[in-house]
Amino acid sequence: MKCPKCDAQMTGVAALNGKSVDRCDRCHGLFVSRDVLHLLERDWFLWPESETHNVDSGDPAVGERLDEIGKIDCPGCGAAMTPISVPDQPHIWLEQCPACEGVFFDAGELTDLRYHTMADWARDFLKGPREEADIKSRTQA
Ligand SMILES: [Zn+2]
Ligand SMILES: [Zn+2]
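Figured I'd write up the structure that's included with this text. Every residue gets a number counted from 1 within its own chain, in the order that chain's sequence is written. Here chains are named by letter from A upward and ligands by number from 1 upward, in the order in which they appear as written. Where totals are concerned, whole chains, interfaces and linings use all residues; where local detail is concerned, this predicted model gives features only for residues with pLDDT of at least 70, and gives and counts side-chain atom pairs only at 80 or more. By convention in this description, side-chain values take in all heavy atoms of the structure and omit both hydrogens and water.

## Details of the pattern of salt bridges
It is possible for side chains of opposite charge to pair when their charged atoms get near one another.
Reasoning step 1: Salt bridges are defined by distance alone: a side-chain nitrogen of Lys or Arg within 4 Å of a carboxyl oxygen of Asp or Glu. A complete count under the given rule lists 4 salt bridges for this structure.
Reasoning step 2: Across the salt bridge formed by K5 and E95, the nearest N and O atoms sit 3.4 Å from each other. In this pair, K5 is assigned in the segment before β1 (10-14) and E95 in strand β5 (residues 89-96), connecting sequence segments 90 residues apart.
Reasoning step 3: For E101, the salt bridge identified is with R34, shortest N-O distance 2.3 Å. Placement of E101 in the loop between β5 and β6 (103-105) and of R34 in helix α1 (residues 34-42) is noted, with a sequence separation of 67 residues between them.
Reasoning step 4: Exposure remark for E101: the relative accessible area of 17% places this residue in the buried category.
Reasoning step 5: The classification of residues rests on relative accessible area computed with a 1.4 Å probe and restricted to protein chains. Under 20% of the type maximum is buried, over 50% is exposed, and intermediate values are partly exposed. On the basis of relative accessible area, R34 is assigned to the partly exposed category, the value being 30%.
Reasoning step 6: A cluster of three or more residues bridged by salt bridges with shared partners is formed by K5, E95 and D106. Each helix is a run of DSSP H or I of at least 4 residues and each strand a run of E of at least 2, with the numbering of both proceeding from the N terminus.

In structure tokens form, the structure reads like this:
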């Protein structure tokens, strides 16, 4: 798997319950699949540390810089990802894949969210992309 932001190799790192997330070797961005988002919803406070190490180990300064790269393709399935903002955290933009529903976090974003937001936020993701409804209301207006 190649990092959609900096094109370096992504390596699977153990997260929780035998699941892993993919982390970029260079910028330490994280790709979290839909399955793992489910775990994140349930065991929010255990994230992003696993039993043995901190999954979100990247430099937040690097993450912030890369946060400005908005147009990326999903490292999991290649679909164009949709930038989404986080409720109450307007400075954080994430990218979600409309096809496989994986989410890309820049380095530090997962940690940042963990201290600011609760599981409600993860639950929002699992409802899936809201774009279709948005488009409908826009074309009807
Ligand atoms: Zn990267
Ligand atoms: Zn995808």
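## Topic: the environment of E95
Reasoning step 1: The class of E95 is buried, set by a relative accessible area of 1%.
Reasoning step 2: Along the primary structure E95 and K71 are separated by 24 residues, whereas in three dimensions their C-alpha atoms are 8.5 Å apart.
Reasoning step 3: Polar contacts, as used here, are pairs of N or O atoms within 3.5 Å; protein pairs need one atom able to donate a hydrogen and one able to accept it. Residues neighboring in sequence count only if both atoms are side-chain atoms. Only 3.4 Å separates the side chain of E95 from the side chain of K5, close enough to count as a polar contact.

## Focus: the coordination of the zinc ion (ligand 2)
Reasoning step 1: Metal sites are built from N, O and S donor atoms within 2.8 Å, or 3.2 Å for Na, K and Ca, and they leave out water, so they may look incomplete. Looking at the zinc ion (ligand 2), one finds its protein donor set to be C74 (SG), C77 (SG), C97 (SG) and C100 (SG), positioned 2.3 Å from the metal centre.
Reasoning step 2: Taken together, the 4 donor atoms coordinating the zinc ion (ligand 2) and their angles of 100 to 123° define a geometry best described as tetrahedral.
Reasoning step 3: Positions of the donor residues of the zinc ion (ligand 2) along the chain correspond to the pattern C-x2-C-x19-C-x2-C. Angular criteria define each label, namely tetrahedral for four donors with all angles between 85 and 135 degrees, square planar for four and octahedral for six donors with opposite donors over 155 degrees apart and remaining angles between 65 and 115, and irregular for whatever fails these tests.

## Details of the coordination of the zinc ion (ligand 1)
Ideal values differ by geometry: the angle at a metal is 109.5 degrees with four tetrahedral donors, but 90 or 180 degrees with six octahedral donors.
Reasoning step 1: All of the protein donors around the zinc ion (ligand 1) are C3 (SG), C6 (SG), C24 (SG) and C27 (SG); their distances to the metal are 2.3 Å.
Reasoning step 2: One way to put it: the 4 donor atoms around the zinc ion (ligand 1) meet at angles of 98 to 119°, and that makes the site tetrahedral.
Reasoning step 3: Sequence positions of the donors to the zinc ion (ligand 1) reduce to the motif C-x2-C-x17-C-x2-C. You can see C6 sitting in the segment before β1 and its partner C24 sitting in strand β2 (residues 20-24), a full 18 residues away along the chain. Accessibility classification places C6 together with C24 in one group, the buried group.

## Some remarks on the sheet that holds β1
Reasoning step 1: Criterion used throughout: strands pair if DSSP finds at least two bridges between them. Across the sheet, which stays open at both edges, the 6 strands sit in the order β1-β2-β3-β6-β5-β4 with antiparallel pairing between neighbours. With one partner strand each, in any of the chains shown, β1 and β4 (82-86) form the two edges of the open sheet. Strand-to-strand twist in this sheet, taken as the mean axis angle between neighbours without regard to direction, amounts to 35°.
Reasoning step 2: In this sheet, β6 lies alongside β5 in antiparallel orientation, the contact comprising 2 bridges. Bridging from a neighbouring strand, Q96 pairs with V103 of β6. Lines fitted to C-alpha atoms define the axes here, with helix axes fitted over just the stretch in contact, and angles between the N-to-C directions of these axes take values from 0 to 180 degrees.

## Observations regarding the pairing of β4
Reasoning step 1: Because side chains alternate across β4, one face comprises the buried residues T82, I84 and V86, and the other comprises P83 and S85, none of which is buried.
Reasoning step 2: By the bridge criterion, 5 bridges tie β4 to β5 in an arrangement that is antiparallel. Bridge pairing in β5 places V86 opposite Q89.

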